Amino acid sequence: MFFAGAFLTFMSIGGFPSFTEDMKVSHHERLNGHYGVATFILANTLSSLPFLILIAILSSLVAYNMAGLHPGLDRFVYFASCLLASLMVVESLMKAIASAIPNFLMGIILGAGIQGMFILVSGFFRLLRNLPKPGMLQNDFLGLDFLNQNPNLPRIQGDFILTHTYGVDLGRSKTLNLVVLFGMAIGYSLVFFGIIKARDNVPWKTLLRKLHNFALLTHFQRG
């Protein structure tokens, strides 16, 4: 679960340099009036979505069965959907960072730092009672029972492990957790949209030219 939900999505920062180049091309295209910000974001999202779906499915096919997670097509589909949503969240996050920090080295550092914080609070390094409860544990544990440490004792139900060991509130639907992930991806895309619109609406070149002229005028007056 950690590998699929954290390490694999962390590798998405590798596409940051190429996206900064796309941002430069998009900026010139928007200045020429060929398309707007919303069109660029929608086209970029749709063009990358098939590849994200392929990555999520192929990775799930390998990791899910190899680790022996909960059998069943519906469980597998949920696992792959969580992975796809996580990839979309990271993609949207890196786009928002790229729009604010065009320098790809600083952008990668900042993106890696933010994703590192996500990993630390994802439930693998902190007790779950102190964190929002993830849906992947519910997806895999509910409906299964496990061997007890003492073979003479009865088997342990999955819901008992969730509630007593991990502190998961079973009253919260795992579907809601999946919706939250997709909502995060949409939210970061809106942040990306807002940053680009703000940058396009501010006459940076005119402002810099005025500041430069003001500095020259001040220098000559002092001279």
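Let us look at the structure shown here. (Residues numbered from 1 in each chain as written. Predicted model: local features only at pLDDT ≥ 70, side-chain atom pairs only at ≥ 80, totals over all residues. Heavy atoms only, no water.)

**Regarding the overall build of the protein chain**
Here comes step 1: Counting its secondary structure elements, the protein chain contains nine helices and two strands.
Here comes step 2: Moving toward the C terminus, one meets the helices and strands of the protein chain in the order α-α-α-α-α-α-β-β-α-α-α.
Here comes step 3: In the protein chain, which comprises 223 residues, the share counted as buried stands at 32%.
Here comes step 4: Accessible area of the protein chain: about 13,600 Å², with a carbon and sulfur share of 69%. (Helix = DSSP H or I, 4+ residues; strand = E, 2+ residues; numbered from the N terminus. Buried < 20%, exposed > 50% of the residue type's maximum accessible area, 1.4 Å probe, protein only. Areas by Shrake-Rupley, 256 points an atom, 1.4 Å probe, with all protein chains shown as cover.)

**Quick look at helix α2 (residues 16–31)**
Here comes step 1: In this model α2 runs 23 Å from its N-terminal to its C-terminal C-alpha over 16 residues, within 8% of the 22 Å that 1.5 Å per residue would give.
Here comes step 2: Within α2, burial applies to Phe 16, Phe 19, Thr 20, Met 23, Ser 26 and Arg 30. Down the axis of α2, the buried set is contained in an arc of 115 degrees. They therefore lie on one face.
Here comes step 3: Following α2 by one or two positions, Gly 33 has its phi on the positive side, about 80 degrees. (Expected span 1.5 Å × (residues − 1). Arc of directions from axis to C-beta.)

**Comments concerning the packing of α2 against helix α3 (residues 37–67)**
Here comes step 1: Running from amino to carboxyl end, α2 crosses α3 at an angle of 145 degrees, the nearest separation of the two axes being 11 Å. The interaxial crossing formed by α2 with α3 has right-handed handedness. Listed contacts from α3 to Phe 19, Asp 22, Met 23, Ser 26 and Arg 30 of α2 are Val 37, Phe 40 and Asn 44.
Here comes step 2: By residue class, the composition of the contact of α2 with α3 is four nonpolar, two polar and two charged. (Axes fitted to C-alpha atoms, helices over the stretch in contact; angles between N-to-C directions. Left-handed = near helix turned anticlockwise from the far one by under 90°. Contact = heavy atoms within 4.5 Å. Nonpolar A, V, L, I, M, F, W, Y, C, P; charged D, E, K, R; others polar.)

**A short note on the pattern of salt bridges**
Here comes step 1: Overall, the coordinates contain one salt bridge when judged by the stated rule.
Here comes step 2: Where Arg 155 meets Asp 145, a salt bridge forms, and the shortest distance between an N and an O atom there is 3.2 Å. Taken together, the positions of Arg 155 in the loop between β1 (145–146) and β2 (156–157) and Asp 145 in strand β1 put the pair ten residues apart, joining distant regions of the chain. (Salt bridge = Lys/Arg side-chain N within 4 Å of Asp/Glu carboxyl O.)

**Section: helix α4 (residues 73–100)**
The α-helix advances 3.6 residues per turn, and as a result positions three or four apart in sequence lie on the same side.
Here comes step 1: Helix length check: α4 (28 residues) gives 41 Å between terminal C-alpha atoms against 40 Å at 1.5 Å per residue, within 8%.
Here comes step 2: Burial of α4 is extensive: 23 of the 28 residues sit out of reach of the surface.

**Quick notes on the packing of aromatic side chains**
Here comes step 1: Under the criterion given, the structure shown has four aromatic pairs.
Here comes step 2: Each residue in the set Tyr 64, Phe 76 and Phe 79 is aromatic and connected to the rest through ring pairs, giving one cluster.
Here comes step 3: The cationic tip of Lys 174 hangs over the ring face of Tyr 78; the distance from NZ or CZ to the ring centre is 4.8 Å. (Phe/Tyr/Trp six-rings, centres within 6.5 Å; stacked < 30°, edge-to-face > 60°. Lys NZ or Arg CZ within 6 Å of the ring centre and 35° of its normal.)

**What to know about the environment of Asn 65**
Here comes step 1: Tracing the sequence through the fold places Asn 65 in helix α3.
Here comes step 2: Under the relative-accessibility criterion, Asn 65 is labelled exposed at 56%.
Here comes step 3: The sequence separation of Asn 65 and Phe 76 amounts to eleven residues, and the corresponding C-alpha distance is 9.2 Å.

**Re the nonpolar core**
Here comes step 1: Judged by nonpolar contacts, the single largest core of 15 residues is most densely connected at Phe 19, Met 23, Phe 40, Met 94, Phe 192 and Ile 196.
Here comes step 2: Sorting the residues of this core by element identifies α2, α3, α4 and α8 (174–201) as the ones contributing at least two each.
Here comes step 3: For this core, the element with the highest residue contribution is α4, accounting for six residues. (Core = buried A, V, L, I, M, F, W, Y, C linked by side-chain atoms within 4.5 Å.)

**Points about the packing of α2 against helix α5 (residues 104–120)**
Here comes step 1: Packing of α2 against α5 brings their axes to within 9 Å, and their N-to-C directions diverge by 125 degrees. Comparing the axis directions of α2 and α5 gives the class oblique. Once α2 is placed against α5, the crossing between them reads as right-handed. Contacts between α2 and α5 involve Phe 16, Pro 17 and Thr 20 from the first element and Phe 104, Gly 107 and Ile 108 from the second. (Parallel < 35°, antiparallel > 145°, perpendicular 65-115°, else oblique.)

Worth remembering: the numbers are spatial, not functional.
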